[in-house]
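Spelled out, the chains give:
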Amino acid sequence: MLVVPCDVVVIGGGIVGTSCAWRLAERGHRVVLVDPDPGGGSSRAAAGMLAPVSELHHGEEDLLALCLLAASGFAEHARRVSAAGDAPTGYRGCGTLVVALDAGDRARLADVRRAQERLGLDVQALTGRECRRLEPLLDPAVSGGTLARGDHQVDPRRLLRALRAAAGRCGVDFVPARGEVLVEGGRAAGVRFADGSAVRADLVVLATGARAQQHAPVRPVKGQVARLRMPEGGHVLQRTVRAVVRDRDVYLVPREDGELVVGATTEDRGFDETVTAGAVHDLLRDAQAVVPGVAELELVEVLARSRPGSPDNLPLIGFGEVPGLLLAVGHHRNGVLLSGVTADAVAALAAGEDVPPEVAACDPVRFGSRSAAREEVLVP
Ligand code: GLY
């Protein structure tokens, strides 16, 4: 494998890895980005919801703080990526409407809303009629909802294209090959390719999501999604709609270009990219229960990918047990939202700088020890 000399190797060319490569290159590092199928993993299935408020889960305050930090800077991050890559990201500051169908679903939403209010989050309770005023094509059975004005969206596929362009303009060298961390004398020394060749670097950034299991406690969490197409002038929704439908969750993410993403299952099945008839049926049935017009839309794509889950649902961002190896993995349901703060943190850590407390909570040291030798490998 012929690879230009570098001082940092990033393994994993999804949205997180490419963001890291771009930021590191912006700071003057010679960066190589290794991935046999860039963007072909969880980034490909991501819906792009930037939704710390409507994705709140009980007991995940550290994750909430991190996601709020990321959300507060995302519009500026998207603007910078777009300018640097001279390409759109599909960022939309459209807000999110969460709706409930039956009384049980309404009670669940109200319960979550009380928790959101206790945490000081920006949420507004709505009646079914108020929901339909915002989104006229909602089913009459929608009986109530919550408006999360600050939960927006971006188009992950456009974002990745813009990031790759931005990274390329900063000199990142893309290597379309499968690579493993090269460990020599107990420390990360670069990347080893399938043909046995290797390239050396002072620092290795691992951003392979759920496939980082050899170096981080991550696991695959399968998600199946469907992509539909809304006709021009016939968009069925204006903003992201999440719904509780007889105690099941579904989301519908409408893009300006007419794409409508419907997702997603959450399945602990190991690595499995099989799309199942039952899962697609359930997603489309629940989406139709919320927006009947979904039945008329063209079904463009169905796919399944693995979210990178971690034991506490917080990502692992920082140095782990192997000196010279910086982890940027385990982003679970929030990889797109957290890509900018992760990249900033990786660039800061590579330079020996501090990271914000919200990111410091993601230090992999919480799952094990860290080598004292780590300081030696920081890139100047
Ligand atoms: N954040 C949406 C999902 O993981 O399905």
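Residues numbered from 1 in each chain as written. Predicted model: local features only at pLDDT ≥ 70, side-chain atom pairs only at ≥ 80, totals over all residues. Heavy atoms only, no water.

Let us look at the overall build of the protein chain. Within the protein chain one finds nine helices and 19 strands. For 380 residues, the compact-globule formula gives about 21 Å, and the C-alpha radius of gyration of the protein chain, at 21 Å, lands near that figure. On the principal axes, the C-alpha backbone points of the protein chain span a range of 65 × 40 × 40 Å. In the protein chain, which comprises 380 residues, the proportion classed as buried is 57%. A separation threshold of at least 6 residues defines the contact pool for the protein chain, and within that pool the share at least 24 residues apart is 76%. Of the accessible surface of the protein chain, which amounts to about 15,300 Å², a share of 49% is contributed by carbon and sulfur atoms. Each charge sign in the protein chain was given a centre, from 43 positive and 49 negative side chains, and these centres are 3 Å apart. (Helix = DSSP H or I, 4+ residues; strand = E, 2+ residues; numbered from the N terminus. Rg over C-alpha atoms; globule rule 2.2 N^0.38 Å. Buried < 20%, exposed > 50% of the residue type's maximum accessible area, 1.4 Å probe, protein only. Contact = heavy atoms within 4.5 Å. Areas by Shrake-Rupley, 256 points an atom, 1.4 Å probe, with all protein chains shown as cover. Lys, Arg positive; Asp, Glu negative; His and termini not counted. Charge placed at Lys NZ, Arg CZ, Asp CG, Glu CD.)

Strand order across the open sheet formed by six strands is 8-2-1-12-19-18, with mixed pairing between neighbours. Unpaired on one side and paired on the other, strand 8 (173-175) and strand 18 (316-319) mark the two borders of the sheet. Averaged over neighbouring strand pairs, the angle between their axes works out to 15° when direction is ignored. The sheet contact formed by strand 2 (residues 31-34) and strand 8 spans three bridges and is parallel. Within strand 8, the residue paired with valine 34 across the bridge is valine 175. Its contacts with the sheet place helix 8 (residues 335-350) against strand 12 (203-206), strand 18 and strand 19 (325-329), and it is angled at close to 10° to strand 18. (Pairing = 2+ DSSP bridges. Axes fitted to C-alpha atoms, helices over the stretch in contact; angles between N-to-C directions.)

This part is about the site of the ligand. Met49, Glu55, Tyr251, Ala264, Arg307 and Arg333 make up every residue found near the ligand. Within the side chain of arginine 307, an N or O atom sits 2.7 Å from an oxygen atom of the ligand. At 2.8 Å, a backbone N or O of arginine 333 approaches a nitrogen atom of the ligand. Protein burial of the ligand: of its 200 Å² of free accessible surface, 88% is covered by the chains. A per-class count over the shell around the ligand returns three nonpolar, no polar and three charged. (Near = heavy atom within 4 Å. Polar contact = N/O pair within 3.5 Å; in protein donor to acceptor, adjacent residues only side chain to side chain. Nonpolar A, V, L, I, M, F, W, Y, C, P; charged D, E, K, R; others polar.)

With that settled, the discussion passes to the pairing of strand 12. By the alternation rule, side chains of strand 12 split into Leu203 and Val205 and Val204 and Leu206, which are all buried. Of the strand pairs in this sheet, strand 1 (residues 8-11) and strand 12 are connected by four bridges, and their pairing is parallel. Residue valine 8 lies in a different strand from strand 12, and its bridge partner there is leucine 203. Pairing of strand 12 with strand 19 involves three bridges; the strand directions are parallel. Within strand 19, the position partnered with valine 204 by the bridge is leucine 325.

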